[in-house]
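# Observations on the three-dimensional arrangement
For reference, the chains in residue letters:
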Amino acid sequence: MKSITINGSQRESVGKKATKALRNAGQVPCVLYGGDKPVHFSAPELAFSKLVYTPNAHTVVIELDNGETLNAVLQDIQFHPVTDRILHIDFYQLFEDKEIALNIPVQLVGNSKGVKNGGVLKRNNRKLRIKALPVNLPDFIEIDITPLKIGDKVAVGDLPSGDYTFLHNDNTVVCRVSTSRVAVEDEEDEEELEEGAEAAEGAEAPAAEGAEAPAQE
């Protein structure tokens, strides 16, 4: 999985007054959990743009001003209810030998046969939660929808899970191709065309242009 580096400064004061002063200075107060003790730090709000405002999943490399480097994932984020500015971010520390649960985006590839025939592709889950060691976290979960016909669906149980485990029931639907009025009409048109072709096969073929008709005796 791709990672984003955040350069942060450790916080010694964690009270409301100090936190407010940080926000006024364009900094975001953060806490890193999962280690021996919580690590309080801050970083410029702009530093989180590629991490927060994206549908992709990333791990985070936190480089503190004391020279310490910590690997983590985004756990929780709070926004201002009016301005949508980032108020606070919680991270969870990663360890090479410990599995982590994370939501991974689903990427659909291919052109569904059902959609070509007028069906509608519905995405029930745009992200799936998995559990894996940090080294095995994928950037996304790819699903080829090319074979899907109208009425077909893809469930979690249909997906391969090599180095990670899905934290969903096997019958959890990820996407499906549903029927529509247009699709029904297309099916009826196909039947009419087939019937017309069968009728044409049974009829006598007309003489080609420019051909002479056989002489009458």
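Please read all numbers here as calculations on a predicted model, not as lab measurements. (Residues numbered from 1 in each chain as written. Predicted model: local features only at pLDDT ≥ 70, side-chain atom pairs only at ≥ 80, totals over all residues. Heavy atoms only, no water.)

### Things to note about the sheet that holds strand E7 (residues 100–109)
The pairing of strands in a sheet comes from backbone hydrogen bonds and takes either a parallel or an antiparallel form. Taken together, 4 strands build an open sheet; the order of strands is E10-E7-E9-E12 and the sheet is mixed. Edge positions in the sheet fall to strand E10 (141–144) and strand E12 (165–166), since each of these pairs with one other strand and no more. Judged from the 4 bridges that link them, E7 and E10 form a sheet pairing that is parallel. Bridging from a neighbouring strand, Leu108 pairs with Ile143 of E10. (Pairing = 2+ DSSP bridges. Helix = DSSP H or I, 4+ residues; strand = E, 2+ residues; numbered from the N terminus.)

### A closer look at the packing of aromatic side chains
Under the definition given, this model contains 3 aromatic pairs. Relative to Phe166, the ring of Tyr164 has its centre 5.6 Å away and its plane inclined at 90°; by these criteria the two rings are edge-to-face. Taking the relative accessible area as the measure of exposure, Phe166 reaches 12% and is therefore buried. An aromatic cluster is present here, built from Phe41, Phe48 and Phe91 joined pairwise through their rings. For the cation-ring pair, Lys98 lies above Phe95, with the distance from its terminal atom to the ring centre recorded as 5.0 Å. (Phe/Tyr/Trp six-rings, centres within 6.5 Å; stacked < 30°, edge-to-face > 60°. Buried < 20%, exposed > 50% of the residue type's maximum accessible area, 1.4 Å probe, protein only. Lys NZ or Arg CZ within 6 Å of the ring centre and 35° of its normal.)

### What about the sheet that holds strand E8 (residues 120–123)?
The antiparallel open sheet is built from 3 strands, whose spatial order is E8-E13-E11. Two strands lie at the open edges of the sheet, namely E8 and strand E11 (153–155), each paired on one side alone. Taken pair by pair, the neighbouring strands of this sheet meet at an average axis angle of 10°, ignoring direction. One ladder, built from 3 bridges, connects E11 with strand E13 (residues 173–178); its direction is antiparallel. Paired with Val154 across the two strands is Cys175, which belongs to E13. (Axes fitted to C-alpha atoms, helices over the stretch in contact; angles between N-to-C directions.)

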